[in-house]
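# Coordinate analysis (summary)
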Amino acid sequence: MNSCALMAVYAQDNINWLQSALDSIDLEVIDLVYIGVDGPVDTTIMNYLDSLDKQTFQILVFKRNRGLAFVLNDLIDEALSSEHNYNFFFRMDADDININDRFKIQKKFMIANPGTDVLGSNALIIDSNDEVIGKMIRKSCHVDLLNEFPLITPFIHPSVCFRRSVLERNKYPTDTIRNEDTS
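Nothing here was measured: the structure is a model prediction, and the numbers come from that model. (Residues numbered from 1 in each chain as written. Predicted model: local features only at pLDDT ≥ 70, side-chain atom pairs only at ≥ 80, totals over all residues. Heavy atoms only, no water.)

What the rule picks out here adds up to four aromatic pairs. Where tyrosine 34 meets tyrosine 86, the ring centres are 5.9 Å apart and the plane angle is 90 degrees; that geometry is what we call edge-to-face. Placement of tyrosine 34 in strand β2 (residues 32–38) and of tyrosine 86 in the loop between α3 (68–80) and β4 (88–93) is noted, with a sequence separation of 52 residues between them. Residue classification places tyrosine 86 among the buried positions, given a relative accessible area of 0%. Seen from their ring centres, tyrosine 86 and phenylalanine 89 are 6.0 Å apart, and the 75 degrees between their planes marks the pair as edge-to-face. A relative accessible area of 0% places phenylalanine 89 in the buried class. Among the aromatic residues, those joined into a cluster by ring pairs are Tyr34, Tyr86 and Phe89. (Phe/Tyr/Trp six-rings, centres within 6.5 Å; stacked < 30°, edge-to-face > 60°. Helix = DSSP H or I, 4+ residues; strand = E, 2+ residues; numbered from the N terminus. Buried < 20%, exposed > 50% of the residue type's maximum accessible area, 1.4 Å probe, protein only.)

Structure, rendered in structure tokens:
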């Protein structure tokens with residue numbers, strides 16, 4: 001079952017964190033990484049992105065900064081129109097580092113649980129020295145997740161895996177801030 005990752009990059013991103021984020025992607029599970037550049041970014045970041053293998057990373061550059069949801073929707077449209085017919089879409093941000101088996105674990109769970117459309121995880125918060133300084137914990141019970149929707153997003157945005165059918169029916173709302181995964 002084909003899988004892709006979606007990531008937006010923007011002007012405030014740090015080249016070292018971006019490199020670590022991309023290095024943490026398990027390319028045995030992910031067939032292609034779609035990266036959307038949201039407006040002008042530092043030359044160092046663009047040079048790095050231009051150096052990436054085009055068979056593994058597809059870079060879409062948008063001339064002006066429009067915001068995360070707009071870029072993600074464009075990446076989704078691009079991935080959905082691909083001949084790869086992806087079954088699973090994994091989200092990441094340019095400053096996130098995946099645990100070693102994140103993609104394998106989530107993909108295995110999604111395959112074993114065809115009634116699950118969206119799967120997220122908890123996360124560790126690390127500092128610039130890669131030291132754990134905290135945890136982000138979300139509820140794991142479906143009913144608890146539904147009850148949280150009106151209050152906060154029950155998903156840690158860059159830990160989410162979507163089934164294709166979800167993204168065929170829904171796009172990220174462009175009128176929210178930091179709650180993109182709740183529509």
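Residues of helix α4 (residues 102–112) that are buried: Arg102, Phe103, Gln106, Lys107 and Met110. End-on view of α4: buried residues confined to an arc of 110 degrees, all on one side of the axis. Those residues of α4 that are exposed and angled more than 90 degrees off the buried face are Ile105, Lys108 and Ala112. Buried residues along α4 sit in contact with β1 (3–10), β4, β5 (118–119) and β8 (161–163). (Arc of directions from axis to C-beta. Contact = heavy atoms within 4.5 Å.)

A positive phi is found at asparagine 85, a non-glycine position, where the angle reads about 50 degrees. You can see asparagine 85 is positioned in the loop between α3 and β4. Classification of asparagine 85 by relative accessible area gives partly exposed; the value is 46%. Residue aspartate 130 is not a glycine yet carries a positive backbone phi of 65 degrees. Assignment of secondary structure puts aspartate 130 in the loop between β6 (123–126) and β7 (132–136).

Summed over the entire model, instances satisfying the criterion amount to six salt bridges. Note that aspartate 26 is salt-bridged to lysine 104, the shortest N-O span being 3.6 Å. With aspartate 26 in the loop between α1 (15–23) and β2 and lysine 104 in helix α4, this pair connects stretches of sequence that are 78 residues apart. With its nearest N and O atoms 3.1 Å apart, the salt bridge here joins lysine 171 to aspartate 77. Separated by 94 residues along the polypeptide, lysine 171 in the segment after α6 (164–169) and aspartate 77 in helix α3 bring together distant segments of the chain. Lysine 171 sits in the partly exposed class, given a relative accessible area of 34%. Relative accessible area serves as the criterion here: at 38%, aspartate 77 is assigned to the partly exposed category. (Salt bridge = Lys/Arg side-chain N within 4 Å of Asp/Glu carboxyl O.)

All right, on to the environment of alanine 123 then. Structurally, the position occupied by alanine 123 is in strand β6. Separated by 14 residues in sequence, alanine 123 and isoleucine 137 place their C-alpha atoms 6.7 Å apart. Beyond its immediate chain neighbours, meaning those up to four positions away, alanine 123 contacts Gly134, Lys135, Met136 and Ile156.

Moving on to the packing of α1 against helix α2 (residues 43–51). Closest axis-to-axis distance for the α1/α2 pair is 10 Å, and the angle between their directions is 25 degrees. Between α1 and α2, the crossing angle belongs to the class labelled roughly parallel. The handedness of the crossing between α1 and α2 is right-handed. On the side of α1, the interface is formed by Ile15, Leu18, Gln19, Leu22 and Asp23, while α2 contributes Thr44, Ile45, Tyr48 and Leu49. When the residues that make up the contact of α1 with α2 are grouped by side-chain class, the tally is six nonpolar, two polar and one charged. (Axes fitted to C-alpha atoms, helices over the stretch in contact; angles between N-to-C directions. Parallel < 35°, antiparallel > 145°, perpendicular 65-115°, else oblique. Left-handed = near helix turned anticlockwise from the far one by under 90°. Nonpolar A, V, L, I, M, F, W, Y, C, P; charged D, E, K, R; others polar.)

All quantities given are derived from atomic positions and should not be read as evidence of function.
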